[in-house]
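Understanding the architecture of this molecule
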Amino acid sequence: MAIDYTQLIPNNVDLASDRRLQRALENWQPRFLDWWKDLGPDGTSDFDVYLRTAVSTDANGWANFGYVKMPEYRWGIFLSERDAERQIAFGDNKGKPAWQEVPGELRSTLRRLIVTQGDTEPASVEQQRLLGRTAPSLYDLRNLFQVNVEEGRHLWAMVYLLHAYFGRDGREEAEAMLERHSGDPDKPRILGAFNEQTPDWLSFFMFTYFTDRDGKYQLASLAESGFDPLSRSCRFMLTEEAHHMFVGETGVGRIIQRTCELMKEHRTEDVRSLGGIDLDTIQKYLNFHFSVSLDLFGQEASTNAANYYTQGVKGRFLETRVDDDHVLTDATYDIDTVEDGRIVKKTVPALQALNERLRQDYIEDCARGLLRWNKAIEKAGIGFELKLPHRAFNRRIGAFAGLRVSPDGRMLSEAEWKANEAKWLPTDEDRAYVTSLMGAAVVEPGKYAHWIAPPARGINGQPMDFEYVRFN
Ligand code: BYC
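Since we're looking at a predicted model, the values are computed, not measured.

**Things to note about unusual backbone geometry**
Here arginine 267, not a glycine, exhibits a phi torsion of approximately 45°, which is positive. Structurally, arginine 267 is set in the loop between helix H6 (228-266) and helix H7 (279-294). Given the relative accessible area of 80%, arginine 267 is considered exposed. The residue asparagine 472 is not glycine, and still its phi comes out positive at about 60°.

See the structure below:
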C-alpha cells in the first residue's frame, strides 16, 4: 500500500479505516511533539533542514529530500509490504502462517520486547539533544538531525504496534515511552547504554557506529518474528537504520583521516598539541562504546532468548538463510564464560546461547569497519592498529559483569585493573580534551572543524558547499 500523506499521521496501514485507533494515535501525537520540543534537538524549531522523508516502502526510491522544519517532519507509520503467504520460519510454530494478531499467550512477551525496542529510540534523541551546538559542519549537523527524526519515527513504529495490538496496556506503555528519560535517576531508560551521555561528536560517531549497529541486529532478529506487523515494521526500520551506521563509520573514519594528516604533516605523534584527536584516545572511546553496546545483547546463557525463539517471537540474524533445522532442540553452541577465575569455552544448548550468537554476528560486523579504518591508517604510513577489545572487557551484563578483564582478554586483579584503566577507557582528562575541541558549531557551508576531515561526497549528490541547514 502507498503511503497516504493526506492524513494527519502519514501511514500505509489504512489508518483512516479504524477511527478509534486513529483517534488514539492522534491523541498521542501532540504529546510526542511536546516531548520533541522539550527533549529533542535543542533550539532548532525554526531551522530548515535538508532531510530525507520516506515516501514509499519500495526498495527502489523510497525517500525524497527537501527542506523541512523538524517539528513539521511527517513522522508516520510505515510497514513493509505484506507477504500473504509468509510463514513462521523457526521454533515450535515453524511452518504455520505468520500471526496477524498477537497470540494471547505471547502478549506480555511481545509487549515487553516492543517496549524495550521502542524505549531506545527516544532515548537516543535525548542523549544527542545538545550536539547541534558544537556541530563540526553543516553536513554533520544535517546528519545528526536526520538520525534524530528517524529515531523519532522508529518510536512511532513501536507506538503504532502498542496502540493497534495491545489495547489499554499498549496505550499506557506508549505514554510511558515519553515519561522515562535518558539518565533520569527516577525514571531512566530501560537499557544501560541509553542512559549514558553523548556529550561530544566523537561519542556520537562511536554511538552511531556501535550502538546503532546493535539496533540493526536486534531489529533484524525482530524482523524474523512470527508476529507479522512487528516483522514488517522492523523491516522498514532497517532501511532507515543503514544511514545511521554510515554516519558513524564515516564520522570516525574522517576523524582518523584528519589525525593521520596532522601526524604526517607535522611528523609528530603529539596530535593534541595540533588540535586533533590522537589515535590512543580514539581507541579508548572505541573500547568504551563497543563494550557498552555488547551489554545490549543480554545474558550469554538466556532462557528468555530460548523462549522467544521456541515461541516464534524473535529469530536469529537472517534466520531464513541459516542452514539448519530452525528448531535447535538438539543443537549446541560454544560460548565464552568464566570458571574458577578463568575465561573458558563452554558448549551449551544452542537455544540458550541465542543472545551470544547474535552478539557474535554483531562483533564480526563491527570488525569490518575497523578493517577499513586501519587500512586508512596504514595507507598514511602510521604504525598503529585499532582493535576491538575482548568481549569480556568492561562488561556490566552477563557472565563477565563486573570482572576485571584487559582488552586482550586477560583476567586481572583489582590492582592491575586500576593501574591500567586510564590506558583503556577514556579518563576525565581525555573527555575534557575532546570536549575542549567542540567549539561553536561550524555553520559556513563547506567548512569543517579542524579535527575532522570533510566527507568524500555530499548527501544526495549535493555539492560540498551545500547549505544543509538554514538557521532563519
Ligand atoms: N540492560 O535473558 P536476558 C536500537 C536484564 S538498540 C539492563 O538476557 P532478555 C537503537 C533483562 O531485562 C536495540 N537490563 O534478558 C540503537 C532480564 O531482566 P529480568 C534495542 C538487562 O530481556 C541506537 C535479565 O537481565 N532493541 O534499536 O531476554 C539508537 C535477564 O537477561 C540488559 C532491543 O534490545 C541490559 N542491557 O534480553 C536508537 C530488542 N540485558 O527479566 C535505537 C528488544 C538484560 O530477569 N530486547 N537485562 O528482570 C531484547 O531482545 C531483550 O530485551 C534483550 C535482553 C536482548 C535486550
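**Observations regarding the packing of aromatic side chains**
Counted under the stated rule, the structure contains 36 aromatic pairs. The interplanar angle of 45° and the centroid separation of 5.8 Å between the aromatic rings of phenylalanine 393 and tryptophan 417 together place this pair among those described as tilted. With phenylalanine 393 in the loop between helix H9 (354-379) and helix H10 (414-424) and tryptophan 417 in helix H10, this residue pair connects regions lying 24 residues apart in the sequence. With respect to class, phenylalanine 393 is no different from tryptophan 417; both count as buried. Each residue in the set Tyr209, Phe210, Tyr217, Phe290, Phe297, Phe317, Tyr362 and Trp373 is aromatic and connected to the rest through ring pairs, giving one cluster. Sitting over the ring of phenylalanine 288, arginine 431 keeps its end group 5.1 Å from the ring centre.

**Side note on the site of the ligand**
Of all residues adjacent to the ligand, which total 29 residues, the nearest are Gln117, Gln299, Ser302, Asn304 and Lys314. Here an oxygen atom of the ligand sits 3.1 Å away from a polar atom, N or O, in the side chain of arginine 112. At 3.1 Å, a backbone N or O of aspartate 295 approaches a nitrogen atom of the ligand. For the ligand, whose unbound accessible area comes to 1000 Å², protein coverage reaches 80%.

**Notes on H9**
Between its first and last C-alpha atoms H9 spans 38 Å; for 26 residues at 1.5 Å apiece the expected length is 38 Å, and the two agree. Of the residues one or two after H9, glycine 381 is the one with positive phi, at around 75°.

**Details of a positive patch on the surface**
Residues Arg19, Arg20, Arg23 and Arg171 make up a contiguous surface patch of positive charge. Ranked by residues supplied to the positive patch, first place goes to helix H1 (residues 19-39) with three residues. Tracing the backbone through its elements, the reader meets arginine 23 in helix H1. Among the residues examined, arginine 23 registers a relative accessible area of 52% and is labelled exposed.

**A short note on the sheet that holds strand S1 (residues 48-54)**
Read across the sheet, three strands follow the order S2-S1-S5 without closing on themselves; strand pairing throughout is antiparallel. Two strands in the sheet have a free side with no partner beyond their single neighbour: strand S2 (63-69) and strand S5 (469-470). Inspection of the sheet shows S1 paired to S5 by two bridges, in the antiparallel sense. In the strand pairing of S5, valine 49 is matched with valine 469. Of the strands in this sheet, S1, S2 and S5 are in contact with helix H3 (residues 138-165), which crosses S1 at around 45°.

**Notes on the pairing of S1**
Within S1, seven of the seven residues are buried, which leaves the element mostly enclosed by the surrounding structure. A two-sided burial pattern is seen for S1, the buried positions comprising Asp48, Tyr50, Arg52 and Ala54 on one face and Val49, Leu51 and Thr53 on the other. As defined by bridge partners, S1 adjoins S2 across seven bridges and the pair is classed as antiparallel. Paired with leucine 51 across the bridge in S2 is glycine 66.

**Notes on the nonpolar core**
The biggest cluster of nonpolar side chains holds 107 residues, and the ones touching the most others in it are Leu25, Trp201, Phe210, Leu230, Ile256, Tyr362 and Trp451. Not counting residues up to four positions away in its chain, the partners in contact with phenylalanine 210 are Leu286, His289, Phe290, Ser293, Tyr362, Cys366, Leu370 and Leu388. Core analysis: the next-biggest nonpolar cluster, separate from the first, contains 12 residues, Ala123, Ala193, Phe194 and Trp417 among them.

**Points about the pattern of salt bridges**
A complete count under the given rule lists 41 salt bridges for this structure. Of the charged contacts, one joins aspartate 365 and lysine 216 as a salt bridge, the two residues approaching to 2.8 Å between their closest N and O atoms. Here aspartate 365 is found in helix H9, whereas its partner lysine 216 is found in helix H5 (residues 201-223), with 149 residues between them in sequence. A relative accessible area of 7% places aspartate 365 in the buried class. Through salt bridges with shared partners, one network takes in Asp295, Glu300, Asp336, Lys345, Glu356, Arg359, Arg391 and Arg395.

Definitions and limits used
- Residues numbered from 1 in each chain as written.
- Predicted model: local features only at pLDDT ≥ 70, side-chain atom pairs only at ≥ 80, totals over all residues.
- Heavy atoms only, no water.
- Helix = DSSP H or I, 4+ residues; strand = E, 2+ residues; numbered from the N terminus.
- Buried < 20%, exposed > 50% of the residue type's maximum accessible area, 1.4 Å probe, protein only.
- Phe/Tyr/Trp six-rings, centres within 6.5 Å; stacked < 30°, edge-to-face > 60°.
- Lys NZ or Arg CZ within 6 Å of the ring centre and 35° of its normal.
- Near = heavy atom within 4 Å.
- Polar contact = N/O pair within 3.5 Å; in protein donor to acceptor, adjacent residues only side chain to side chain.
- Areas by Shrake-Rupley, 256 points an atom, 1.4 Å probe, with all protein chains shown as cover.
- Expected span 1.5 Å × (residues − 1).
- Patch = residues over 30% accessible without salt bridge, like charges linked within 9 Å, V, L, I, M, F, W, Y side chains within 5 Å.
- Salt bridge = Lys/Arg side-chain N within 4 Å of Asp/Glu carboxyl O.
- Lys, Arg positive; Asp, Glu negative; His and termini not counted.
- Charge placed at Lys NZ, Arg CZ, Asp CG, Glu CD.
- Pairing = 2+ DSSP bridges.
- Contact = heavy atoms within 4.5 Å.
- Axes fitted to C-alpha atoms, helices over the stretch in contact; angles between N-to-C directions.
- Core = buried A, V, L, I, M, F, W, Y, C linked by side-chain atoms within 4.5 Å.

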